[in-house]
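Descriptive analysis of the structure
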Protein chains: 2
Amino acid sequence: MAKNALGREIPDFIEGYGKTKLFQGAFALKPEEGYRAGGKIRCVDSTCTDKRVRDIKAAITASGLKSGMTVSFHHHLRNGDFVVNMVIDACAEMGIKNLTLFPTALFGVHKKLIEHIKSGVISRIMGSVNGPIGQLVSEGGMDVPVVLRSHGGRPRAVVSGDVHIDVAFIAAPTADQYGNICGTQGKSACGSLGYAFTDAQYADCVVAVTDNIQPYPAAPVSISQLSVDIVVEVPSIGDPAGIVSGTTQVTRDPLRLLIAKYASELIEASPYFKEGISFQTGAGGIPLAVTAFMREAMIKKGIKGSFGLGGITGYFVELLKEGLVERLMDVQSFDLEAVRSIGENPRHIEISADWYANPWNSGAAVNMLDVVILGATEVDTNFNANVNTEADGALLHGIGGHQDTAAGAKLTIIAQPLLRGRIPCVTDSVYSVTTPGEVIDAIVTEYGITINPRRKDLLDACSAVKGFPLVPMEELVSRAHKMSGPTDPVETEDRIIGVVEWRDGTVIDVVHKLKK
Amino acid sequence: MAKNALGREIPDFIEGYGKTKLFQGAFALKPEEGYRAGGKIRCVDSTCTDKRVRDIKAAITASGLKSGMTVSFHHHLRNGDFVVNMVIDACAEMGIKNLTLFPTALFGVHKKLIEHIKSGVISRIMGSVNGPIGQLVSEGGMDVPVVLRSHGGRPRAVVSGDVHIDVAFIAAPTADQYGNICGTQGKSACGSLGYAFTDAQYADCVVAVTDNIQPYPAAPVSISQLSVDIVVEVPSIGDPAGIVSGTTQVTRDPLRLLIAKYASELIEASPYFKEGISFQTGAGGIPLAVTAFMREAMIKKGIKGSFGLGGITGYFVELLKEGLVERLMDVQSFDLEAVRSIGENPRHIEISADWYANPWNSGAAVNMLDVVILGATEVDTNFNANVNTEADGALLHGIGGHQDTAAGAKLTIIAQPLLRGRIPCVTDSVYSVTTPGEVIDAIVTEYGITINPRRKDLLDACSAVKGFPLVPMEELVSRAHKMSGPTDPVETEDRIIGVVEWRDGTVIDVVHKLKK
């Protein structure tokens, strides 16, 4: 047991995870001299011009998937995904056990996996466990801890060889019989396939699961035949209603609009609000409102942005169409407008998670980012943020690009109400840390803007603006405490059920089993 | 010394090349179980948002390039390229010696390298040596043999770890300051950057050399920032007149038109002339004429093709526009029309050499190919083809995609006049073998069509066509001999100056030093 740079107690060794490396600071760890991992060298029969097999079971057999192996999935079909359940159901029927599941994220639709966890088909999960599986894990429903990695930390783990993928199953909205895949077309179109690229490149075997076979060569191509070994056609890879929502909506709640207004004022007061500004806002109600306010401010001041990054919504597509940003860099298309745009507009670029956020490549897109608006379930007086666990200690959310954008962006803003229900979102010490305070620059609540003292430059810039709504951290915390009243501490057992990696592979925190 | 499967004498060990593996047959060798190689793991300072350095020398210093290392280049700028000379001149001035040059191909414009070979800056070349450097090598001007690989064999060698690239220099018609590269825009636009992809992915350090910096993120992106370490801006990367020609021309020579007509008849008589046919014809006068004849035949018969592959010309662009092919898969854009089209038309796809032709991936595009029209300096009675050496034994030409398309296509046609000048192109035994007869299906000359007896199916199909111009191999050879008269044998010394690899890395032939 030792304390990491944030003072969190981390065991030297965690059963089912292995030896831990302690978090040393956001930019402290450099990789050892070494070479990127690689998938198996393949050699196919050159007379075979069709990689299709009969069904999922035939694909599993052909892939060589066996008990004890690691299987990966991407989550662009979100809560509409049929592919994870389909593959794991088939594995169960085929008697395959003890799998390590390496999805980018699981959702409510994957609740069905609980039976496969209980029966031993799945013995380990490395990936975000949103919702019911997170609840199961929190209550000790798995023997070994879930490992959480950010969108950049996951490809880092693969590229560096920390995680080796035996078989990658790629939900493919469009594919041809020789394995060229694209996400922008077909009845299950999801837009960008950003999270799947690394899996395709590094897995020993890659299976494309599609419900839309097109003549060879299908184009545009996101992931090419060059690394796809098996193609399998199924009636449907997902439910369109769960894959993409309609346009995500700007909040109408006056309190949330006020927070967004404040965040926008902070951006405008910062040195980054100028020609060529780049930003990421995601899909939440507040961040979307910030985008709307920024749009007005940009038009008013006559400035144009360079690019919007990350998960892309119709709001960003509008900015692109209006010329208020020059490019969109899309790792995940959140709504129908984004899916349509990435399929049509060459200035709307599909990027891989590696390109987006991996700290161990020649330079990820997050490094080029000026401003990011993020949320959190709680932040503390050291500006550390928690996005993984809820107030009751349950591990219900993934990291997403939180760590990566916070580390990369020049201005990282957490924008959220001071309380959610009666739970304070600003506290003395977060229950678990996802992102360290050293990379978070400001917290914006309905009571004003609190700036990290590390960013004296920003504080000075904001102080120079007449009437700028600054609020000191102490005031924020005491106000939150006063409003929430005393809160019950989370009661946990010793057993670790979750390991939260910082994007460089060190352990920033662990999450314990909840007491019943 | 041992004989390979074609009876060619190959030493067990060749100085400057190493231990040889004997060619065993076109599809005989499978890779050993193993993993793909990888470039170095990188980790950049996330606050650096500009990878540019001052000049080429600063780029060389920053790349860590040292004497004895391997540097790679791509040849899309063809005879207009300034980058190879620029980099090697700078290396020479910096005192760097003993480099292994790993270009995809060298041209006349690189004649200047001869001084660097003589002074020891360059000690080894692995790549096609078209023209003056080939002449130098043939006369014994280098201490170790040149290694020739096909467009698919080269990425195979990199991916399998046979060749490790220390620094890749990528001539980039467009780039941004963070290393996103594209070939379709800028004053030095060359279209596809197909040959550069593998280098970018596998080199320890990647330098983009550009004369057109665009704001971040430049889009479209061929090769992304994710693997580009250094960007350097220079006044010009090439001479547009040498980079792309105007439209390459169909032959007007009646004899060559007759050959093209015969080739077209062969294709029409084959089982592949049907809806969805795919083909590669390259840029020569005869193959272009075949394309023109096929176009007519397709219109007449009302069939449409699926894709055109390989080096793309304006003729193929016309077929795409007319809907006579659905897609173009472009590894090299041969003329201005092709460069324009790949920049505009999403159905004109940029493919890497790995995707195009590597025999050791999950399945290359050549495997999907129906028909390819190729040339050769000579073919023999076993249908073996030589494209590397001239009649005088000089090693003047690269392999290109010859081996790969011949191995992949269902119908491989060599179309050429029986004699070039007074030199017979059909002979008892080729001087050196590039592509084995087992993957060549027919030879078409002005005297008719000679079909490989291995392809009884094809012979039967053609014999069924009334008046089909079949001509037996024996007749072809005796006619060639009669017309050419006795030819002088090439006189060589023992020393090996060239090693010709089959696409799987085995040695299919060696080329000896010419006697003075």
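Keep in mind that what you see is a predicted model, and the values were worked out from it rather than measured.

**Some details on the side chain of S128 of chain A**
Residues and elements named next belong to chain A. Tracing the sequence through the fold places S128 in strand 10 (residues 128-129). Residue classification places S128 among the buried residues on the basis of a relative accessible area of 6%. In contact with S128, other than residues within four places in its own chain, are T104, A105, L106, L148, G398 and I399.

**Notes on the packing of helix 10 (residues 314-321) of chain A against helix 11 (residues 336-344) of chain A**
Residues and elements named next belong to chain A. Packing of helix 10 against helix 11 leaves a shortest axis separation of 7 Å and a crossing angle of 45°. Considering the angle they form, helix 10 stands oblique to helix 11. Taking contact as the criterion, the partners of G314, V317 and L320 in helix 10 are, on helix 11, E337, A338 and S341. By residue class, the composition of the contact of helix 10 with helix 11 is three nonpolar, two polar and one charged.

**Quick look at the relation of the copies chain B and chain A**
At an RMSD of 0.0 Å, chain B and chain A line up after a rotation of 180° and a shift of 0.0 Å along the axis. Taken together, the rotation and translation describe the operation of a two-fold axis. Of the C-alpha atoms belonging to chain B, the one lying closest to the rotation axis is found on G38 of chain B, 3.1 Å away. An overlap of 100% is found between the interface residues of chain B and their copies at the interface of chain A, pointing to a shared contact surface.

**With respect to the domain arrangement of chain A**
All names here are of chain A. Domain parsing of chain A yields domain 1 (50-243) and domain 2 (254-489). Look at where the C-alpha atoms of domain 1 and domain 2 centre, and you get two points 29 Å apart. Facing 32 residues of domain 1, the contacting portion of domain 2 comprises 29 residues. For the pair domain 1 and domain 2, the two sides together bury roughly 2400 Å², of which 57% comes from carbon and sulfur. Across the domain 1-domain 2 interface, the total number found is zero salt bridges. Our count for the contact surface shared by domain 1 and domain 2 stands at 18 residue pairs in polar contact (both at pLDDT 80 or more).

Rules used throughout
- Residue numbers restart at each chain and count upward from 1, following the sequence in its written direction.
- For naming, the first written chain is A and the first written ligand is 1, with later ones following in the order written.
- Selection of residues for local features in this predicted model requires a pLDDT of at least 70, selection of side-chain atom pairs for listing and counting requires 80 or more, and totals for whole chains, interfaces and linings are taken over all residues.
- Side-chain measures here rest on the full set of heavy atoms in the structure, leaving out hydrogens and waters.
- Only DSSP runs of H or I covering at least 4 residues are called helices, and only runs of E covering at least 2 are called strands; the numbering of each starts at the N terminus.
- Only protein chains enter the accessibility calculation, which uses a 1.4 Å probe; a residue whose area is less than 20% of its type maximum is buried, one above 50% is exposed, and one in between is partly exposed.
- Contact definition: two residues touch when any of their heavy atoms are within 4.5 Å.
- Orientation is described by axes fitted as lines to C-alpha atoms, over the contacting stretch for helices, and by angles from 0 to 180 degrees between their N-to-C directions.
- Roughly parallel here means an angle under 35 degrees, roughly antiparallel means over 145, roughly perpendicular means 65 to 115, and every remaining angle is called oblique.
- Here the nonpolar group is Ala, Val, Leu, Ile, Met, Phe, Trp, Tyr, Cys and Pro; Asp, Glu, Lys and Arg are the charged ones; every other residue, Gly included, is treated as polar.
- Here the copies are matched by least squares. The fit uses the C-alpha atoms of residues with pLDDT of at least 70 in both.
- Each domain's extent is set by a domain assignment, obtained either automatically or from a database.
- The term buried area means the drop in 1.4 Å probe accessible area that two parts suffer when joined, counted for both and summed.
- The rule for a salt bridge is simple: a side-chain nitrogen of Lys or Arg has to be within 4 Å of a carboxyl oxygen of Asp or Glu.
- Contacts described as polar in this section are N or O atom pairs within 3.5 Å, which, within protein, must combine one atom able to donate a hydrogen with one able to accept it, while residues neighboring in sequence count only if both atoms come from side chains.

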